[in-house]
Amino acid sequence: MSENLATKFNPQEIEAGRYQKWLDEDLFKPSEDQSAKPYSIVIPPPNVTGKLHLGHAWDTTLQDMIIRQKRMQGYDTLWLPGMDHAGIATQAKVEEKLREQGISRYDLGREKFVDQVWEWKEEYAGHIREQWSKLGLSLDYKRERFTLDDGLSDAVRKVFVSLYEKDLIYRGEYIINWDPQAKTALSDIEVIHKDVEGAFYHLSYPLADGSGTLELATTRPETMLGDTAVAVHPEDERYQDFIGKTVILPLMDKEIPVIADEYVDREFGTGVVKITPAHDPNDFEVGNRHNLPRVNVMNEDGSMNDLAGKYAGMDRFAARKAIVSDLKEIGRLIKIEKMVHSVGHSERTGVVVEPRLSTQWFVKMKPLADQAIQNQETDDAVNFFPPRFNQTFLSWMDNVHDWVISRQLWWGHRIPAWYNKQTGEMYVGMEAPADTDNWEQDPDVLDTWFSSALWPFSTMGWPDTDSADFKRYFPTNTLVTGYDIIFFWVSRMIFQSLEFTDERPFENVLIHGLIRDEQGRKMSKSLGNGIDPMDVIDQYGADALRWFLSTGSAPGQDVRFSYEKMDAAWNFINKIWNASRFVIMNIEGVTVDDIDLSGEKTVADRWILTRLNETIEKVTKLFDQFEFGEAGRQLYNFMWDDFCDWYIEMSKEILYGEDETAKKTTKSILIHVLDQTLRLLHPIMPFVTETIWEKLPHEGTSLVVAAYPTVQTAYNDENAAKGMEVLKELIRSVRNIRAEVNTPLSKPITLLIKTNDPAVNAFLLENTSYIERFCNPEELVIDSEITAPDLAMSAVLTGAEIYLPLAGLINIEEEIQRLEKELAKWTSEVKRVQGKLANERFVANAPEKVVEEERAKEKDYLEKQAAVNERIESLRTIQ
């Protein structure tokens, strides 16, 4: 044991250098004991687009807690770190940086641009590792992976080629979501829908034979330039005579047919719709059924192309204004109806997404989705915590569309497809064709989520199924992630893993929510309410941030960040620090060999060891259920209330006394309980617990690899636990009464304790030293035959009543009012517990022990209710 703790808790001081020490000692590596049960987690790889935010801090803190506890429990643990290349997002960041320098990626060319992105990646990967270290994450850096690593690239090509050969990847011309700024396709889940102000533009299309007009409405007049038909419902009586005729497309002066299709909703608007197969997914399907031409009137940057006539070169929204103006001028604009509607925006660039006809690569999702759905009905199902997210997953898989996986970017995994320059023949394979001069590789890259979907097994060495890590650590045990990427990532990992390894990628998925500000708003740049976790650590320390993040909410729920909560977290750690200082200052010279719990123990000793066992059992169970908020509450209550406020105070009776044998036992118990509690707290707050633990007599090098506490049943003492509850209740009641009549603890009082339970009577007589220390009576009477004094303050305990004759200080009316509040409390408790016991389902289904505990409560509450009532009546007789 080394010197005492510093007088002040200073998180910056205790955290400095600690993480590097852990790394130098190589404490985060898997166990060398191959008989140990493996437990693995792969980190959700952060994007190399910037620095980590509070959501990352929350996500990784939960993972670190799990892996640290399992490591202490003797598992062979692997927590594998890594980062994601994040195609669109990272390319957009680098292009923005280049624009500030006055150049574009086209000025550099593909190869030099990609070099620039690699430089960006190295810089920001360094930032991320630095943040991981400040958070104290126990990652095995020797296994760190990146989604563009050579090994992961092999896995990506293997999956692509295999799916292609199974006819589950295909290339085709479809309407896709198009980002005009990034100039790339987007999958459905990369589109964020926002309510914006818009309008229905009501237009009239004249029949070519001059017999009338058809009225229709559109929200996107600029696409009318690509109309190739007008459609009505085949059973709509209003338009039977129009079917088969043609109308003149305004502004373009070309004839297009009037067709009949069941897609048209007769009840909506006029029952007539324009059909633009190149600019609307539903129109695309209608066009296919009627063999309509597809006229794409836009360029990839959202400007109008040569097929848009005189509007060519205009931005799509400028063209909209010009077209509406021209329609009005020629009398074809009937009216403009203002409305708010949902419009898709690119998740990455924020611009309005354009449905666009494009040739892309797709994954055929139905067979893969069906396999994932069926697996959830087997013993190898992925377990969602909370379970309700299983339905979220199933619903999405049941309604999933084919996945567009090609992106028109330069940063990412190139699609392993080549085209013959002479014949146009396409080749898909792991490697380029031998005759490279005559073949050109597809310029597109794969969606970032395509490689991320392979993360749990590609990082373990797959497709080499003989890889040591793959054989030992896959499938992984737990994935921790937010509910916002169940669709993006979780679902894709599941179906890809089932397809390529015949295994679920992870046993459990712990879903957490989002971090919001104090008002419940999502943190965003536009609101200016974002919080940098590194700033919080600089102010409060990593342990305080980790405590807040881990205990702030239940699984699946959002958490609100506030500095008030951070103050509370810091105060709790400061309480632990000060209690530890007291222990360390009072065990000077004690060594590991001196620790002995076999001596005669006080009731406080036996009680705290029992409470320690209860806390170990509950916290271990709650960790296994990922109920970290409740586990934190148990730890908080034990450390703050039981250990600090009660046991340490009671230990002073012995520590400041003359009995050296008793002192040795008390010191041993103080060390043991603090040591075990630090071990329980270590997964949550690793820095401060290790700093304190080093000052205690201990064996081993670090808490990181110390044994996690287990229940020691030999130390359970139910009688001591019950007796201490009576003693605590007595001391609290006396303190409360003293406070009510403004009588400080320093002033001696008369304390009469009337017992109605022989066991309680005997217990209190055996432990008068505690009553004297904490209640300061000048006269103490403990007896079953006491008559209640007329002018006394009173309180009802379990098995006893107490009276404090405080003549001259008591206002009888106020005392009756106080007792009536107490009576209301016990009446409420009686009603609650009797309601529970009257519930036949509860009595039939709850464990027998739980039912017996409720019956014991009922008896106790009824006795207290009767005693308080009797005391009120006696006071009323002397008013």
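From a predicted model like this one, the values you see are computed outputs, not experimental measurements.

Criteria and cut-off values
- Residues numbered from 1 in each chain as written.
- Predicted model: local features only at pLDDT ≥ 70, side-chain atom pairs only at ≥ 80, totals over all residues.
- Heavy atoms only, no water.
- Helix = DSSP H or I, 4+ residues; strand = E, 2+ residues; numbered from the N terminus.
- Rg over C-alpha atoms; globule rule 2.2 N^0.38 Å.
- Buried < 20%, exposed > 50% of the residue type's maximum accessible area, 1.4 Å probe, protein only.
- Contact = heavy atoms within 4.5 Å.
- Areas by Shrake-Rupley, 256 points an atom, 1.4 Å probe, with all protein chains shown as cover.
- Lys, Arg positive; Asp, Glu negative; His and termini not counted.
- Charge placed at Lys NZ, Arg CZ, Asp CG, Glu CD.
- Pairing = 2+ DSSP bridges.
- Axes fitted to C-alpha atoms, helices over the stretch in contact; angles between N-to-C directions.
- Polar contact = N/O pair within 3.5 Å; in protein donor to acceptor, adjacent residues only side chain to side chain.
- Expected span 1.5 Å × (residues − 1).
- Parallel < 35°, antiparallel > 145°, perpendicular 65-115°, else oblique.
- Left-handed = near helix turned anticlockwise from the far one by under 90°.
- Nonpolar A, V, L, I, M, F, W, Y, C, P; charged D, E, K, R; others polar.
- Core = buried A, V, L, I, M, F, W, Y, C linked by side-chain atoms within 4.5 Å.
- Domains from an automatic or database assignment.
- Buried area = accessible area lost by both parts, 1.4 Å probe.
- Salt bridge = Lys/Arg side-chain N within 4 Å of Asp/Glu carboxyl O.
- Phe/Tyr/Trp six-rings, centres within 6.5 Å; stacked < 30°, edge-to-face > 60°.
- Lys NZ or Arg CZ within 6 Å of the ring centre and 35° of its normal.
- Patch = residues over 30% accessible without salt bridge, like charges linked within 9 Å, V, L, I, M, F, W, Y side chains within 5 Å.

1. Looking at the overall build of the protein
Then, in step 1: From N to C terminus, the protein includes 28 helices and 29 strands.
Then, in step 2: For a compact globule of 879 residues, the expected C-alpha radius of gyration is about 29 Å, and the protein comes in at 36 Å, more than 25% above that figure.
Then, in step 3: With respect to the principal axes defined by its C-alpha atoms, the protein has extents near 115 × 65 × 55 Å.
Then, in step 4: Put simply, the protein has 879 residues, and 55% of those count as buried.
Then, in step 5: Within the protein, residue pairs in contact and separated by at least 24 positions form 77% of the contacts whose partners lie at least 6 positions apart.
Then, in step 6: In the form shown here, the protein has an accessible surface area of approximately 38900 Å², with 46% of it arising from carbon and sulfur atoms.
Then, in step 7: When the 98 positive and 145 negative side-chain charges of the protein are each reduced to one mean point, those points stand 2 Å apart.

2. Topic: the sheet that holds strand 11 (residues 254–260)
Then, in step 1: Judged by pairing direction, the sheet is mixed, and its 4 strands sit side by side in the order 10-11-9-12 without closing on themselves. At either margin of the open sheet sits one strand with a lone partner, and together these are strand 10 (246–249) and strand 12 (272–275). With direction set aside, neighbouring strand axes in the sheet form an average angle of 35°.

3. Points about the side chain of histidine 512
Then, in step 1: Relative to the elements of secondary structure, histidine 512 occurs in strand 23 (residues 506–512).
Then, in step 2: The class of histidine 512 is buried, set by a relative accessible area of 7%.
Then, in step 3: A polar atom in the side chain of histidine 512 sits 2.6 Å from the side chain of aspartate 59.

4. Thoughts on helix 28 (residues 848–876)
Then, in step 1: Its 29 residues give helix 28 an end-to-end C-alpha distance of 42 Å, which sits within 8% of 42 Å, the value for a rise of 1.5 Å per residue.
Then, in step 2: Contact partners of the buried residues in helix 28: helix 23 (718–740), strand 28 (792–797), strand 29 (800–805), helix 26 (812–837) and helix 27 (840–845).

5. A short note on the packing of helix 26 against helix 28
Then, in step 1: Where helix 26 contacts helix 28, the axes come no closer than 8 Å and their chain directions differ by 155°. As summarised for this structure, helix 26 and helix 28 are arranged roughly antiparallel, according to the angle between their axes. Considering only the axes of helix 26 and helix 28, their crossing is left-handed.
Then, in step 2: Split by residue class, the contact of helix 26 with helix 28 holds 14 nonpolar, 4 polar and 13 charged.

6. Looking at the sheet that holds strand 13 (residues 333–346)
Sheets are built from strands paired through backbone hydrogen bonds, the pairs being either parallel or antiparallel.
Then, in step 1: Reading across from one edge, 8-7-13 is the order of the 3 strands in this open sheet, with antiparallel pairing throughout. The open sheet is flanked by strand 8 (213–218) and strand 13, the only strands paired with a single partner. Strand after strand, the sheet turns through a mean of 20° between neighbouring axes, direction not considered.
Then, in step 2: Strand direction decides the pairing type here: strand 7 (residues 191–206) and strand 8, joined by 6 bridges, are antiparallel. Residue pairing for strand 8: tyrosine 205 is matched across the bridge by leucine 214.
Then, in step 3: Strands in contact with helix 9 (residues 316–329) are strand 7 and strand 13; relative to strand 13, the strand with the most contacts, it is inclined by about 165°.

7. What about the nonpolar core?
Then, in step 1: By size, the foremost hydrophobic cluster in this structure holds 139 residues, and its most contacted members are Phe643, Leu730, Leu764 and Ile802.
Then, in step 2: Each of domain 3 (563–714) and domain 4 (720–802) accounts for three or more of the residues forming this core.
Then, in step 3: The residues contacting leucine 730, other than those within four sequence positions of it, are Leu751, Ile753, Leu764, Ile771, Cys775, Leu797 and Ile802.
Then, in step 4: Listed in part, the 57 residues of the second largest apolar core include Leu80, Val159, Ile405 and Phe506.

8. Considering the domain arrangement of the protein
Then, in step 1: Under the domain assignment, the protein is made up of domain 1 (179–356), domain 2 (406–446), domain 3 (563–714), domain 4 (720–802) and domain 5 (812–877).
Then, in step 2: Of the residues lining the interface, 7 residues belong to domain 1; the matching set on domain 2 comes to 4 residues.
Then, in step 3: Across the interface of domain 1 and domain 2, roughly 360 Å² is buried in total on both sides, 37% from carbon and sulfur atoms.
Then, in step 4: Interface area lost by domain 1 to domain 2 is led by Lys183, Thr184 and Ala185, which between them contribute 72%.
Then, in step 5: Linking domain 1 to domain 2 there are 1 salt bridge.
Then, in step 6: In this structure, glutamate 190 and arginine 407 form a salt bridge, with 2.6 Å as the shortest nitrogen-oxygen distance.
Then, in step 7: Summed over the shared surface of domain 1 and domain 2, the number is 4 residue pairs in polar contact (both at pLDDT 80 or more).
Then, in step 8: Here the residues of the side of domain 1 that touches domain 2 are counted per class, giving 3 nonpolar, 2 polar and 2 charged.

9. With respect to the packing of aromatic side chains
Both the distance between ring centres and the angle between the ring planes are used here to describe each pair of aromatic rings.
Then, in step 1: In the structure shown here, the tally under the stated rule is 45 aromatic pairs.
Then, in step 2: Seen in terms of ring centroids, tyrosine 174 and phenylalanine 362 are 5.1 Å apart; in terms of plane orientation they differ by 65°. Their pairing is edge-to-face. With tyrosine 174 in strand 5 (residues 169–179) and phenylalanine 362 in strand 14 (residues 354–363), this residue pair connects regions lying 188 residues apart in the sequence.
Then, in step 3: For phenylalanine 362, a relative accessible area of 5% puts it in the buried group.
Then, in step 4: Geometrically, the ring pair formed by phenylalanine 389 and tyrosine 483 is stacked, given 6.2 Å between the ring centres and 15° between the ring planes. Here phenylalanine 389 is found in helix 11 (residues 388–398), whereas its partner tyrosine 483 is found in the loop between strand 22 (476–482) and helix 15 (486–501), with 94 residues between them in sequence.
Then, in step 5: For phenylalanine 389, a relative accessible area of 9% gives the class buried.
Then, in step 6: On the basis of relative accessibility, which here comes to 25%, the residue tyrosine 483 falls in the partly exposed class.
Then, in step 7: Here the aromatic residues Phe160, Tyr164, Trp361, Trp403, Phe450 and Phe495 are joined through ring pairs into a cluster of three or more.
Then, in step 8: When the ring centre of tryptophan 22 is taken as reference, the NZ or CZ atom of arginine 68 above it lies at 4.8 Å.

10. Quick word on the pairing of strand 18 (residues 417–420)
Then, in step 1: Here strand 18 shows a buried face lined by Ala417 and Tyr419 and a second buried face lined by Trp418 and Asn420.
Then, in step 2: Alignment of strand 18 against strand 19 (residues 426–428), held across 3 bridges, turns out to be antiparallel. In the sheet register, tryptophan 418 faces strand 19, and the bridge partner there is tyrosine 427.
Then, in step 3: Count of turn residues in the strand 18/strand 19 antiparallel hairpin: 5 residues, of which glycine 424 carries a positive phi of about 80°.
Then, in step 4: Summarising the sheet, strand 18 and strand 20 (residues 439–441) pair through 3 bridges and their orientation is antiparallel. Bridging across to strand 20, asparagine 420 finds its partner in tryptophan 439.

11. With respect to the pattern of salt bridges
Then, in step 1: Counted under the stated rule, the structure contains 57 salt bridges.
Then, in step 2: We note a salt bridge from glutamate 32 to lysine 29, for which the minimum N-O separation is 3.0 Å.
Then, in step 3: Classification of glutamate 32 by relative accessible area gives exposed; the value is 66%.
Then, in step 4: Each of Arg18, Lys21, Glu25, Glu690 and Glu694 takes part in salt bridges that share partners, so that together they form one network.

12. Observations concerning a negative patch on the surface
Then, in step 1: On the surface, Asp379, Asp380, Asp502 and Glu503 cluster together into a negatively charged patch.
Then, in step 2: Considering the arrangement of structural elements, one finds glutamate 503 in the loop between helix 15 and strand 23.
Then, in step 3: Using a relative accessible area of 35% as the deciding quantity, one classes glutamate 503 as partly exposed.

13. Looking at the environment of alanine 185
Then, in step 1: Inspection of the secondary structure assignment puts alanine 185 in strand 6 (residues 184–186).
Then, in step 2: Those residues in contact with alanine 185 that sit more than four places away from it in its chain are Ile88, Ile176, Asn177, Trp178, Gln360, Val404, Ser406, Arg407 and Gln408.

14. Brief notes about helix 3 (residues 54–72)
Then, in step 1: Look at helix 3: 27 Å from first C-alpha to last across 19 residues, which is about the 27 Å you get at 1.5 Å a residue.
Then, in step 2: By the criterion of burial, helix 3 is predominantly enclosed, with 18 of the 19 residues buried.
Then, in step 3: Where helix 3 ends, the next residue or the one after it, glycine 74, has phi of about 95°, a positive value.

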